[in-house]
Amino acid sequence: MMKEMKNIGWDKYIDVLLFAFLIGFPLVGSLFRVEMMSKCIVYIIFALSLDILWGSAGLMNLGQAMFFGLGGYVLALSYAARDGVPAFMAGFGVTEVPWFMQILQNTPLAVLLGMVVPGVVAGLLGYFIFTSKVKGVFFNIITLSLASLIEMFFNNQQKYTGGANGISGLPPITIGSEPLSITAHYYLMLAVGVLVYLFCRWLTHSRFGMILRSVRDNESRLQFLGFNPAAFKLTIFVISGMIAGLSGMLYIPIHSFISPGNIGVAFSTSVLVWLAVGGRGNLTGAMVGAFLITWMESLLSEQFENVWLLLLGAAMLAVVMFFPKGLVGTLLDWQYNRKIDRQMGLVQTDDSVELRESDFATAKGKV
Amino acid sequence: MELLISQSINGLSVSAMLFITALGLVIIFGLMDVVNMAHGEFIMIGAYVTYFVTTVFHFPFLVAMLSAFLVTALLGIVIEVTLIKRLYGKVAETLLATFALSIILQQLVRMAFGPEDKFVGLPMEGSFSLQGIVIPHYNVFLIAVALGILAATLALFYKTGFGMQLRAVTKNRSMAQCLGVNTARIDTLTFACGSGLAGLAGALIAPVKSVMPSMGSYYIVDGFLTVVLGGFASIAGTAASSVVISESVTVMAGYISEITAKVLVFLIIIVLIRFKPEGLFTSEKR
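The next thing to look at is the overall build of chain B. In terms of helices and strands, chain B carries 11 helices and 2 strands. Put simply, chain B runs from its N terminus to its C terminus through helices and strands in the order α-α-α-α-β-β-α-α-α-α-α-α-α. Oriented by its inertia axes, the alpha-carbon framework of chain B measures out at about 60 × 45 × 35 Å. When each of the 286 residues of chain B is scored for burial, the buried share is 47%. Considering only residue pairs separated by 6 or more positions, chain B has 76% of its internal contacts joining residues 24 or more positions apart.

Structure (structure tokens):
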């Protein structure tokens, strides 16, 4: 009965509504806003990648942006190396394209690597953390430290990454010889977004997703039942890393620029805030959080950048203190509780009162 | 060879700073199971206090150290009472809340004092040379302060009534409560103590590094690495692992870039904790 009631929650409707809005948006929005919204869709995909990890399996990755950034940098380097040695490298006296960029000159291979590289990093990191007996909080601080170190490393390796300036002037996607229009880009992002959403939904509602939730809720009981939690954690960590890498790649053609800011702690913090505010564990919260906050950010931070960051911190604090399940989680809880109350007859209607009185009467009669 | 020796001597003063940075984290986590993500911002605030006390108001450096400790300890009390206490036992929520707090504190400081670097002069100029290797007096001072703090913390833990209560709460919270220990008070005082140590670390860092709003996130990563290697809840382990990490990074940094050295050390630590999850320097298991 519990499962049935969960299934008719409002989250599905919110998802459909959100996607319907996104499909219709280019009809009403200006080109500038459409471009902004395509970034929003990329962020939604990025948020989904963390939600299947944190929401389902309870693994709060404090450095999720490292996967986003790795995917982005792979594709950016591939674009930059297409016409020989890029300018930022030539400035350091590099005359030949280094070996790892020769591989990336093959664009389809680079796109594949943009997901494989983050996946491998997640796999190695996950192997060492999950098969070890370290306590839960170590996962958080190790991922945070790694994200911060990777950011410093990319800043430091100016020769190959363009340092703090990043890599700029990246081209949009071209089909044939014509570059895609902004609207075409938008619908491409949206199509990928819908596919990722459907994949995540299938994943979290499958048997695998159910086991992930039990990893989150009671790992030792799962172990007693003969499962190996480490294997499940590792798998979801790799999948999550690959999706984040995918979103990082999608970011390149619409933003045409990537810098260490996209790989480090600050960006990892942003995605945490989206999930914390939206609510986690039901995909909808992640999407709503990412959508609302990035849209507000691009509107507000144009004018008040300082105040915006302060607001973001305050919003996060308020949500953690008062709505730990986030906006969507709180809404679903409220709806669920109301439904239960109604079914149990706790919401007093005239009918239920009568029923109880008659029950009482029959019981009395029997005595 | 000379580079190796001079780098390892440098490494000692870096270890001293790292030890003071990480100690607060360890004390707070060991007692309350709280990872304070805003620890870096406490360091930053300590550094700003030092900037104002020494550069703006021209008080001696010792006054700055003391006031950095007091200001951050007070802030710690306020935060513990208003925030941490309400989230007790919820690990993810405390992480998020202190994370949010770190954004807020950093942004407040940036808005109040501007994003640009502030400079704090060295409290003691001069250096002496030992067999051709130049050692600044301040580095010796740093090491002395770190040893002093180590001794003071150990004394506090093992020689005072407060320390005894604190250790009792760490070992078995509910039992300690039954025996009449006021655990809420111990929590608050410990959090204040850890925050104060962060502020003190900020004061000591300020003269040798630049003081800016985002400096905290840089130091907290080093602190985390130390804690991972040394094991949570062990003061001696923290001391040992900060020496190991700083020495290896500083010595390597003589030959390759500091960041690359740090990344290498990090990777080694990840592999090590696979085989020694309780940290390298803790023998007892709870």
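Moving on, we come to the overall build of chain A. When helices and strands are counted, chain A shows 18 helices and 4 strands. Taken over the C-alpha atoms alone, chain A extends approximately 100 × 55 × 40 Å along its principal axes. With 367 residues in all, chain A has 44% of them scored as buried. By sequence separation, contacts in chain A at least 24 residues apart represent 80% of the contacts at least 6 residues apart.

What follows deals with the interface of chain B and chain A. With 31 residues of chain B at the contact, the number on the chain A side is 34 residues. When contributions to the side of chain B that touches chain A are tallied by element, the ones reaching two or more residues are helix H4 (91-113), helix H9 (215-230) and helix H11 (258-275) of chain B.

Moving on to the confidence of the model for chain B. All names here are of chain B. Predicted confidence across chain B gives a mean pLDDT of 88, with 97% of residues reaching 70 or more. The least confident element of chain B is strand E1 (residues 127-130), whose mean pLDDT is 80; the most confident is helix H3 (residues 61-82), at 95. Both scores are available for the predicted complex, with the pTM at 0.87 and the ipTM at 0.85.

All right, on to the packing of helix H3 (residues 31-57) of chain A against helix H14 (residues 265-278) of chain A then. All names here are of chain A. At their nearest, the axes of H3 and H14 sit 10 Å apart, and the two run at 70° to each other. Classified by the interaxial angle, the pair formed by H3 and H14 is roughly perpendicular. Here H3 and H14 pass one another in a crossing that is right-handed. On H14, the residues touching Phe46, Ala47, Leu50, Asp51 and Trp54 of H3 are Val271, Trp274 and Leu275. The residue makeup of the contact of H3 with H14, split by class, is 7 nonpolar, no polar and 1 charged.

We now examine the pairing of E1 of chain B. A regular strand carries its side chains on alternate faces of the sheet. Residues and elements named next belong to chain B. Relative to strand E2 (residues 133-136), E1 runs antiparallel, the two sharing 4 bridges. Across the sheet, serine 127 pairs through a bridge with proline 136, a residue of E2. If you look at the hairpin formed by E1 and E2, you'll find 2 residues sitting between the two strands, and glutamine 131 has a positive phi there, around 55°.

Residue and element names in this part refer to chain A. Counting 190 residues, the largest nonpolar core has Ala47 and Leu48 as its most contacted members. No other element matches H3, which puts 15 residues into this core. Filtering out sequence-adjacent residues up to four positions away, alanine 47 remains in contact with Val271, Trp274, Leu275, Ala286, Met287, Gly289 and Ala290.

On to unusual backbone geometry. Residue and element names in this part refer to chain B. Positioned with a positive phi, aspartate 33 is a non-glycine residue whose angle comes to about 60°. Here aspartate 33 lies in the loop between helix H1 (2-32) and helix H2 (39-56). Of the residues examined, aspartate 33 has 17 C-beta atoms within 10 Å and is grouped as partly exposed. Positive phi, close to 55°, is recorded for histidine 58, a residue that is not glycine. Here histidine 58 is to be found in the loop between H2 and H3.

Once that is clear, we can look at the packing of helix H7 (residues 107-130) of chain A against helix H13 (residues 229-255) of chain A. All names here are of chain A. Interhelical geometry of H7 versus H13 gives an angle of 150° and a closest axis separation of 7 Å. It follows from the interaxial angle that H7 and H13 lie roughly antiparallel. Viewed along their axes, H7 and H13 form a crossing whose handedness is right-handed. Contacts from Val111, Gly114, Met115, Val117, Pro118, Gly119, Val121, Ala122, Gly123, Gly126, Tyr127 and Phe130 of H7 reach H13 at Ala230, Lys233, Leu234, Phe237, Val238, Ser240, Gly241, Met242, Ala244, Gly245, Leu246 and Met249. Broken down by class, the residue content of the contact of H7 with H13 amounts to 16 nonpolar, 7 polar and 1 charged.

Next up on the list: the environment of arginine 33 of chain A. Tracing the chain through its elements places arginine 33 of chain A in helix H3. Taking the C-alpha atoms as reference points, arginine 33 of chain A and serine 298 of chain A, separated by 265 residues in sequence, lie 9.9 Å from one another.

Residue and element names in this part refer to chain A. Helix length check: H13, at 27 residues, gives a terminal C-alpha distance of 39 Å against a target of 39 Å (1.5 Å per residue), a fit within 8%. Counted residue by residue, H13 has 20 buried out of 27 residues, so it is predominantly covered. After H13 finishes, the residue serine 256 shows a positive phi value of roughly 55°.

Attention now goes to the confidence of the model for chain A. For chain A, per-residue confidence averages 85 on the pLDDT scale, and residues scoring 70 or more make up 91% of the total. Contacts for the low-pLDDT stretch residues 1-5 of chain A, under 50 throughout, to residues beyond four places or in other chains number 2 contacts.

For the rest of this paragraph, the subject is the environment of glycine 84 of chain A. All names here are of chain A. Tracing the sequence through the fold places glycine 84 in the loop between helix H4 (65-80) and helix H5 (87-90). Its 12 C-beta neighbours within 10 Å are what place glycine 84 among the exposed residues. C-alpha of glycine 84 to C-alpha of threonine 95: the two residues are 11 residues apart in sequence and 9.1 Å apart in space.

Right, let's talk about H9 of chain B for a bit. For an α-helix the count is 3.6 residues per turn, leaving residues at separations of three or four pointing the same way. All names here are of chain B. Over its 16 residues, H9 extends 23 Å from the first C-alpha to the last, a length consistent with the 22 Å expected when each residue adds 1.5 Å. Counting buried positions along H9 yields 15 of 16 residues, so the element is predominantly enclosed. Count one or two residues on from H9 and you reach glycine 231, which has phi positive near 85°.

Here is what the cut-offs are and how they apply
- Residues numbered from 1 in each chain as written.
- Chains lettered and ligands numbered in written order.
- Predicted model: local features only at pLDDT ≥ 70, side-chain atom pairs only at ≥ 80, totals over all residues.
- Helix = DSSP H or I, 4+ residues; strand = E, 2+ residues; numbered from the N terminus.
- Buried ≥ 20, exposed ≤ 12 C-beta atoms within 10 Å, placed from the backbone.
- Contact = placed C-beta atoms within 7 Å.
- pLDDT = per-residue confidence, 0-100.
- Axes fitted to C-alpha atoms, helices over the stretch in contact; angles between N-to-C directions.
- Parallel < 35°, antiparallel > 145°, perpendicular 65-115°, else oblique.
- Left-handed = near helix turned anticlockwise from the far one by under 90°.
- Nonpolar A, V, L, I, M, F, W, Y, C, P; charged D, E, K, R; others polar.
- Pairing = 2+ DSSP bridges.
- Core = buried A, V, L, I, M, F, W, Y, C linked by C-beta atoms within 7 Å.
- Expected span 1.5 Å × (residues − 1).

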